[in-house]
Amino acid sequence: AVVSTQSTGSTRDKFLEYIDGLPLANTPCVFGLHSNAEIGYFTNAAKDMCSYMIELQPQTSSSDGGISREQYIEKVASDIEEKLPVLFELDRIRKQLGEITPTAVVLLQELERFNALIFKMKMSVMTLKRALAGEVGMSAELDEVAKALFNGQIPASWRRLAPDTLKSLGNWIAHFERRYTQYIEWIEKGEPAVMWLSGLHIPESYLTALVQATCRKNGWPLDKSTLYTTVTQHVKAGDVREKLHNGCYVEGLYLEGGSWDIENSCLRKSKPKVLVEELPILKVIPIEAHRLKLQNTFRTPVYTTSERRNAMGVGLVFEADITTKEHNSHWVLQGVALMLNAD
């Protein structure tokens, strides 16, 4: 076969011209993703870079006449020590609760874990202050605590006794104080009408307790019962007037990969430059599995943090039923999920 050189060259030039006209970097739209996906990528890259820079900063005392490293650490340790509450008296609380329901068992387990965290934090800051004063030796654990406090991070020994989080030290302390407030209100006023799941060490245990309590009350088999969820019109916990007889309201969930249309009560495309938004109050109701018939809903995973879950599945709390007018595959591609914590 004879091929025209002129025709081949012309076609080749057209191909090269078209290729040169393509953008050097592919936009998220090429892969069917929202433009926010690129913003999220660069945001995470910037966070990683900042964390590396913090790790590389000098760990020696200042010589320019300002506050020294040791003085700064001691100040932070003293501030934390002032905010630490007293340990919960579990025996007294157990008697105060009276009948031990499944949710009361969850409360007692939560308080036991919270006591362990308070004790560890109190001993760490007290011993660290003594070590900075030269009264005791600086162990490897205390050195790690001092470094973390100086960098504004959560010490590893504290992190092991607390729920998973990506927060900085300051935000985590505020989270810690809010957890304590919820526990106090639960003890004094009874089970909250609106539960802040992020304030629980193991939120899955509370949801399981709800199912157990409802099954005992109605005589349902536990292995054939599940949870049904629906997003309410309530934006804040104060909008809820009364507690549910079966189930609970949940606040503090954050939607990623989409946004919530409160007027039409359904998922919609993410707003530009809004990566995460808070979901209205979620209603969680235990129900018999055979009675649950869902249509036009997306089974949305609820994770503890924006890291979602690891290879072992750790991090997944439960799955919520979210109303949608789009096919589920659309939201899977968008990476829609709910988080208990905002970074």
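In this report, we go over the structure that sits alongside the text. (Residues numbered from 1 in each chain as written. Predicted model: local features only at pLDDT ≥ 70, side-chain atom pairs only at ≥ 80, totals over all residues. Heavy atoms only, no water.)

### Examining helix α9 (residues 203–218)
No. 1: Here α9 is 16 residues long and its end C-alpha atoms lie 23 Å apart, about the 22 Å a rise of 1.5 Å per residue gives.
No. 2: For α9, the set of buried residues is Pro203, Ser205, Tyr206, Leu207, Ala209, Leu210, Val211, Thr214 and Cys215.
No. 3: Just downstream of α9 lies Gly219, where phi reads positive at about 75°. (Helix = DSSP H or I, 4+ residues; strand = E, 2+ residues; numbered from the N terminus. Expected span 1.5 Å × (residues − 1). Buried < 20%, exposed > 50% of the residue type's maximum accessible area, 1.4 Å probe, protein only.)

### Observations concerning the sheet that holds strand β7 (residues 276–278)
No. 1: Taken together, the 5 strands give an open sheet; going across it, the order is β7-β4-β11-β9-β10, and neighbouring strands pair in mixed fashion. Edge strands, defined here as strands with exactly one partner in the open sheet, are β7 and β10 (316–323). On average, each strand axis in the sheet is tilted by 30° relative to the strand beside it, whichever way the strands run. (Pairing = 2+ DSSP bridges. Axes fitted to C-alpha atoms, helices over the stretch in contact; angles between N-to-C directions.)

### Details of the sheet that holds strand β3 (residues 248–251)
The pairing of strands in a sheet comes from backbone hydrogen bonds and takes either a parallel or an antiparallel form.
No. 1: Strand order in the open sheet formed by 4 strands is β1-β3-β8-β2, and the pairing between neighbours is mixed. The open sheet has two edge strands with one neighbour each: β1 (194–196) and β2 (225–231). Adjacent strand axes in the sheet meet at a mean angle of 35°, parallel and antiparallel pairs treated alike.
No. 2: Here β2 runs beside strand β8 (residues 282–288); their pairing, made up of 7 bridges, is antiparallel. Its bridge partner lying in β8, Val231 is registered against Leu282.

### A closer look at the pattern of salt bridges
Opposite charge on two side chains permits pairing when their charged atoms draw close.
No. 1: This model, assessed by the stated rule, comprises 13 salt bridges.
No. 2: Glu89 is the partner of Arg92 in a salt bridge, and the nearest nitrogen-oxygen pair spans 3.4 Å.
No. 3: When its relative accessible area of 44% is taken as the criterion, Arg92 is described as partly exposed.
No. 4: By sharing partners, the salt bridges in this structure join Arg299, Glu319 and Asp321 into a single network. (Salt bridge = Lys/Arg side-chain N within 4 Å of Asp/Glu carboxyl O.)

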